[in-house]
Amino acid sequence: MAGKGFRGMGAAVLAMATGACASGAAPSHTGFLTTYEGLAPRTDVVRASVSQRRDEALASSITRLWVAPAEVFGVKDPVLSDDDRRAVMNEVDRQLCYELSERFEILEQPDPQAGTVRVGVTYIRPTHQAGSAAAAVANFFIPGPIKVRAPGGTGGLGAEAELLAPDGRQAAAIVWRRDAMVVGTDKPSLSRIGDAHQLAEPLGDMVGDALAPSDRALRPRPDLDPCRRFGPRVRVEGILAGIATGLYEPGLSGGRRAPESEANSD
């Protein structure tokens, strides 16, 4: 009887949540980008709010990149501790580096002859930990990869990014914002940064697609990974923990920065 009660609770949560799957509010312009001229909203994206532009000819002329460290820009409320913010920013750097390395040659230092990618994290919404705990219990009785979350308890992430040519002209830009889905594949987390941290991956995907020329072929991964300073591309322990618990754990899922001496070694 208890099992039936929990299954009924899970079904009720699912029914309640299906009407709350919309993405977050449209992203606003914070002033981080050098220009917002030509940005147009994308209508083919369901789970996020996205505006972007790209000068195909100028972007096609750029093959080598310096990816500047992501910075927090325009987030007025100190909703996270310094350590939590740093963890989110590290994961944003990691995901962007990996995605862009599939389309550009990534440099480890700025180069006046190369392009530059600038990224500003403009929105961080903490995850509601108690709601995530309740969702984890309900999800235990719902088979499959789809997760349900407590409405109002999901976190989010927003960012602006641009590709600059060596002469400073903006070759491409994107404004992106997404809240975790009430019904979807976003895992609940007992960490306040659980959602913002895991949303760095779709952010990286979108930035890579937005900044690279549409006809740019994927590059083979070099033997010496240019993103190695951010840690491994895949954290197996995080995947296994998610399967076992149904929860997302940033400490197990994100990259760990390698010591400077290790990152610079051949």
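Predicted, not measured: the structure shown is a model, and the values here were computed from it.

Conventions adopted
Residues numbered from 1 in each chain as written. Predicted model: local features only at pLDDT ≥ 70, side-chain atom pairs only at ≥ 80, totals over all residues. Heavy atoms only, no water. Disulfide = S-S within 2.5 Å. Helix = DSSP H or I, 4+ residues; strand = E, 2+ residues; numbered from the N terminus. Buried < 20%, exposed > 50% of the residue type's maximum accessible area, 1.4 Å probe, protein only. Polar contact = N/O pair within 3.5 Å; in protein donor to acceptor, adjacent residues only side chain to side chain. 1 Å grid on protein atoms, 1.4 Å probe; cavity = no way out; pocket = protein on both sides within 12 Å on 5 of 7 lines; lining within 4 Å. Points joined across faces, edges and corners; volume = space filled by probe spheres on them. Nonpolar A, V, L, I, M, F, W, Y, C, P; charged D, E, K, R; others polar. Lys, Arg positive; Asp, Glu negative; His and termini not counted. Salt bridge = Lys/Arg side-chain N within 4 Å of Asp/Glu carboxyl O. Expected span 1.5 Å × (residues − 1).

Some words on the state of the cysteines
And then number 1: Scanning all chains against the criterion turns up 1 disulfide.
And then number 2: Residue Cys 97 pairs covalently with Cys 227 via a disulfide, S to S 2.1 Å. With the S-S bond torsion at -90°, the cross-link from Cys 97 to Cys 227 turns out left-handed. Pair noted here: Cys 97 is in helix H3 (residues 82-101) and Cys 227 is in the loop between helix H6 (200-211) and helix H7 (236-245), with a separation of 130 residues, a long-range link.
And then number 3: You can call Cys 97 buried: its relative accessible area is 1%.
And then number 4: The class for Cys 227 is buried, based on a relative accessible area of 0%.

As for the environment of Glu 237
And then number 1: On the secondary structure map, Glu 237 appears in helix H7.
And then number 2: Placed 12 residues apart in sequence, Glu 237 and Glu 249 show a C-alpha to C-alpha distance of 9.8 Å.

Some points on the side chain of Asp 179
And then number 1: With respect to the helices and strands, the residue Asp 179 is situated in strand E9 (residues 170-179).
And then number 2: Residue classification places Asp 179 among the buried residues on the basis of a relative accessible area of 9%.
And then number 3: There is a polar contact of 2.7 Å between the side chain of Asp 179 and the side chain of Tyr 123.

So, the layout of surface pockets
One water molecule sets the probe size; rolling that probe over the atoms shows where empty space is left.
And then number 1: Considered as a void within the structure, the largest pocket measures approximately 640 Å³ in volume.
And then number 2: Lining the largest pocket are 26 residues, and of these Gln 95, Glu 201, Ile 239, Tyr 248 and Ser 253 sit closest to its centre.
And then number 3: Counting residues per element, the ones that place at least two in the lining of the largest pocket are H3, helix H5 (194-198), H6 and H7.
And then number 4: For the lining of the largest pocket, the leading source of residues is H3, giving 5 residues.
And then number 5: Taken together, the residues of the lining of the largest pocket sort by class into 7 nonpolar, 7 polar and 12 charged.

Structural notes on the side chain of Arg 229
And then number 1: Relative to the elements of secondary structure, Arg 229 occurs in the loop between H6 and H7.
And then number 2: Among buried Asp, Glu, Lys and Arg side chains, Arg 229 stands out as unpaired, with Glu 108 the closest opposite charge at 4.9 Å.
And then number 3: A polar contact is formed between the side chain of Arg 229 and the backbone oxygen of Pro 226, at a distance of 2.9 Å.

Topic: H6
And then number 1: The end-to-end C-alpha distance of H6, which contains 12 residues, comes to 16 Å, matching closely the 16 Å that a straight helix rising 1.5 Å per residue would cover.
And then number 2: Counting buried positions along H6 gives 9 out of 12 residues, so the element sits mostly inside the fold.
And then number 3: Residues of H6 that are buried include every one of Ala 200, Pro 202, Leu 203, Gly 204, Met 206, Val 207, Gly 208, Ala 210 and Leu 211, and no others.

Thoughts on H3
And then number 1: The terminal C-alpha atoms of H3, which comprises 20 residues, lie 28 Å apart, in line with the 28 Å expected from a rise of 1.5 Å per residue.
And then number 2: Within H3, 14 of the 20 residues are buried, leaving the element largely enclosed by the surrounding structure.

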